[in-house]
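# Descriptive analysis of the structure
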Amino acid sequence: MLSRLLFALFVLLVTITCGYWLHGATGVWMAAVGVLAGFLFNDYEKGHRLARWLRLDDPKAEASLTGFWGELVDRIRRGYKTRDQLAVRNHLRLQEFLSAIQASPNGVLLLDPEGRIEWCNQTAAAHLGLHEQRDLGQHIVNLVRDPAFTRYVAQGDFSSEVIIEGRSHSLSQSLKLQAQLHPYGEDKKLLLTRDITARAQADQMRRDFVANVSHEIRTPLTVLGGFVETLQSLPLSAEERQKYLDLMAVQATRMQGLVSDLLTLSQLEGSPPPPVTESVDLKPLMAQVKSDALSLSAMQGDDVHPVHSLTFDLPDQLQLLGSRAEIHSAVSNLVNNAVRYTPVGGTIGVAWAMDDEGQALFSVKDNGVGIAAEHLPRLSERFYRVDRSRSRESGGTGLGLAITKHIAQRHGGSFHVQSTLGEGSCFSLAFPSQRVKWAAPGAPKPAL
Ligand code: ADP
């Protein structure tokens, strides 16, 4: 800039001197005006070229300007570069931010002041059955047709959330969503959605469980109450009193059984899986199960002779790593069920075997009443019974198979059932090889 000024002064001085020498004072004025006009024209032309270059909006384009104007172009070029770098950085940051919101397990949806969708993540689209691109610009209340949501939006109080039905891909399962609007910016809104289906199902299961337990306890209590009233109000003979007391004992035992099964279930649920340090010798355990099964079978007849043909096929050296009490409970539940649900004269086969993967398989096969196919998937649910009265008559609580399945799973195993109505059933448990141990190495392993 300074050199340009000095150059201009120099040119002005030389021209004025020449003007004075040629035309005196008039020459001086003419020279000064001429020089200034020359400089002005030069700057106008370069300024014009700069404006043309700026209009191209392409920093890489050639400006053909030197000196002061060239420096100006360089500075503007650097400004362009900084602006572009900043734009790229901001774009990357925005993309990262959007990816983070996309990864959110919650639905996020942005609404403009009129309630039209500006942007939504995949989760929100899946929750509300929206198309991420196609539905942009649509009014949210036109797409989310749940009346509870429409009311929520209309009332304008967004301090709490609303529970709405989502749009699940599978028609068999309904989706429960918790949705809440959060105002932000200039009258815009952020809609957050959360899938609470599992929580709602757990709440429902808890309510069902409490209702079932209350029902199961109320029934024997009502019967007991009736007997107490009879004993209190009627003049009964000693024999009759004894009969009522025996009936009351049956109801009390039933309640004890129920409470004991409930306690077992809650213990199973509240404790960590049994460690693999305790080894359970199956031979004495199965001997106990066999003796109990024979007594249970005899109770259906003359109390002395079992009324079923029971066979027990037991490996000699097989041990399981886990809880003795739990394995005993699981195994005896299945054997006792076979006795209870097989009519007099039926056959029951109990066996332990190994499969190719080293799993220990326990099975109880009977030719009893059997179970229709539609009941099989729900059999291990708490309080699920195929035949309520038969279960009660034989002292069932409806919790045995739930406990058994739970125990198998706690040991890393699985529970299976095959059955045909009127032909019989086969209940089995599979324990993984990690839970299997042989007392004597090299002992013959029973195969399937
Ligand atoms: P419960 O105490 O009623 O026997 P469980 O949970 O042990 O309860 O069994 C659930 C239901 O499964 C029973 O009510 C019965 O209808 C059916 N069930 C279990 N074992 C057998 C079997 N061996 N044969 C036929 N039905 C069975």
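The notes below deal with the structure included here. (Residues numbered from 1 in each chain as written. Predicted model: local features only at pLDDT ≥ 70, side-chain atom pairs only at ≥ 80, totals over all residues. Heavy atoms only, no water.)

### Examining the overall build of the chain
We apply this condition: Helix and strand definitions follow DSSP, with helices as H or I runs of at least four residues and strands as E runs of at least two, each counted in order from the N terminus. Computation of the radius of gyration draws on C-alpha atoms alone. For the globule rule, the value is 2.2 Å times the number of residues to the power 0.38. Exposure categories follow from relative accessible area, calculated using a 1.4 Å probe and restricted to protein chains: below 20% of the type maximum is buried, above 50% is exposed, and the middle band is partly exposed. Contacts were defined at the residue level, with two residues in contact if any of their heavy atoms lie within 4.5 Å. For the accessible areas, the method is Shrake-Rupley and the probe is 1.4 Å, while residue cover comes only from the protein chains on display. The charge count treats Lys and Arg as positive and Asp and Glu as negative. His and the chain ends do not count. Just so you know, the charge point we use is NZ for Lys, CZ for Arg, CG for Asp and CD for Glu.
When helices and strands are tallied, the chain shows 11 helices and 13 strands. In terms of overall dimensions, the chain is more spread out than a globule: its C-alpha atoms have a radius of gyration of 44 Å, far above the 22 Å expected for 448 residues. Residues classed as buried in the chain amount to 36% of the 448 residues present. When contacts within the chain are restricted to residue pairs at least 6 apart in sequence, those whose partners lie at least 24 apart make up 56%. For the chain, the accessible area works out to roughly 26,700 Å², and carbon and sulfur atoms hold 58% of it. Averaging the locations of the 45 positively and 47 negatively charged side chains of the chain gives two centres separated by 8 Å.

### Examining the pairing of strand E8 (residues 318–321)
Selection criterion: If DSSP finds at least two bridges between two strands, the strands pair.
Burial along E8 is two-sided: the face carrying Leu318 and Leu320 and the face carrying Gln319 and Leu321 are both buried. Sheet analysis places strand E6 (residues 279–281) next to E8, joined by three bridges and oriented antiparallel. In the strand pairing of E8, Ser279 is matched with Leu321. The sheet contact formed by E8 and strand E13 (residues 436–438) spans three bridges and is antiparallel. Along E13, the bridge assignment pairs Gln319 with Lys437.

### What about helix H9 (residues 324–340)?
Our working definition: What a helix is expected to span follows from its residue count: subtract one and scale by 1.5 Å.
Taking 1.5 Å per residue, 17 residues should reach 24 Å; H9 reaches 24 Å between its end C-alpha atoms and fits that length. Burial analysis of H9 places 14 of its 17 residues in the buried class, which makes it a mostly covered element.

### A word on the packing of aromatic side chains
The line we're drawing: Two rings from Phe, Tyr or Trp (for Trp, the six-membered ring) form a pair when their centres sit within 6.5 Å of each other. Planes less than 30 degrees apart are called stacked, planes more than 60 degrees apart edge-to-face, and all others tilted.
Counted according to the given criterion, the structure contains eight aromatic pairs. Considering the side-chain rings of Trp352 and Phe362, the 4.9 Å spacing of their centres and the 45 degrees angle between planes classify their relative orientation as tilted. With Trp352 in strand E9 (residues 347–354) and Phe362 in strand E10 (residues 360–366), this residue pair connects regions lying 10 residues apart in the sequence. For Trp352, a relative accessible area of 2% translates into the label buried.

### Some remarks on the sheet that holds strand E7 (residues 309–313)
Cut-off, in case you're wondering: Axes here refer to lines fitted to C-alpha atoms; in helices the fit is confined to the stretch in contact. Angles between the N-to-C directions go from 0 to 180 degrees.
Spatially, E7-E9-E10-E12-E11 is the arrangement adopted by the five strands of the open sheet, whose pairing is mixed. Of all the strands in the sheet, just E7 and strand E11 (414–420) have a single pairing partner and so form its edges. Here the strands of the sheet are splayed against their neighbours by 10 degrees on average, with no regard to which way each runs. Sheet topology places E7 next to E9; five bridges connect them, and they run parallel. Its bridge partner lying in E9, Thr311 is registered against Gly349. Sheet strands in contact with helix H8 (residues 282–299) are E7, E9 and E10, and its direction is about 175 degrees off that of E7.

### Quick word on the nonpolar core
Formally: As used here, the term nonpolar core means buried Ala, Val, Leu, Ile, Met, Phe, Trp, Tyr and Cys residues forming a set that is joined through side-chain atoms within 4.5 Å. Throughout, the edges of the domains are those of an automatic or database domain assignment.
Within the largest apolar cluster, 46 residues are counted, with the highest numbers of intra-cluster contacts made by Met286, Val335, Trp352 and Phe362. The biggest single contributor to this core is H9, with seven residues. Composition of this core by domain shows at least three residues from each of domain 3 (202–271) and domain 4 (274–448). The residues touching Met286, leaving out its near neighbours within four places in the chain, are Phe312, Leu314, Val331, Val350, Trp352 and Phe362.

### A closer look at unusual backbone geometry
At Asp57, a position not held by glycine, the phi torsion is positive, near 55 degrees. Counting through the fold element by element, Asp57 comes out in the loop between helix H1 (2–56) and helix H2 (67–102). Positioned with a positive phi, Phe383 is a non-glycine residue whose angle comes to about 65 degrees. Judged by relative accessible area, Phe383 falls into the buried class, the value being 2%.

### Section: the packing of helix H7 (residues 238–270) against helix H11 (residues 400–410)
The cut-off we apply is this: Roughly parallel here means an angle under 35 degrees, roughly antiparallel means over 145, roughly perpendicular means 65 to 115, and every remaining angle is called oblique. Crossing handedness follows the turn of the near helix against the far one: under a right angle anticlockwise gives a left-handed crossing, and clockwise gives a right-handed one.
Two elements in contact, H7 and H11, have axes whose closest approach is 10 Å; the angle formed by their N-to-C orientations is 25 degrees. Here H7 lies roughly parallel to H11, going by the angle between them. Considering only the axes of H7 and H11, their crossing is left-handed. Residues Asp261, Thr264, Leu265, Leu268 and Glu269 of H7 lie in contact with H11, whose contacting residues are Ile403, His406, Ile407 and Arg410.

### Overview of H1
As a reminder of what qualifies: Axes are fitted to the seven residues ending at a residue and to the seven starting at it; the angle between these axes is taken as the bend at that residue.
Helix length check: H1, at 55 residues, gives a terminal C-alpha distance of 30 Å against a target of 81 Å (1.5 Å per residue), a shortfall beyond 12%. Along H1, the sharpest kink reaches roughly 145 degrees, centred on His23. For H1, every residue scored as buried is listed here: Ala8, Gly19, Gly24, Gly27, Ala31, Ala32, Val35, Lys46, Leu50 and Trp53. Turning to H1, the residues buried within the fold contact H2. A positive backbone phi angle near 55 degrees is found at Asp57, which sits one or two residues after H1.

Distances and angles like these do not, on their own, reveal function.
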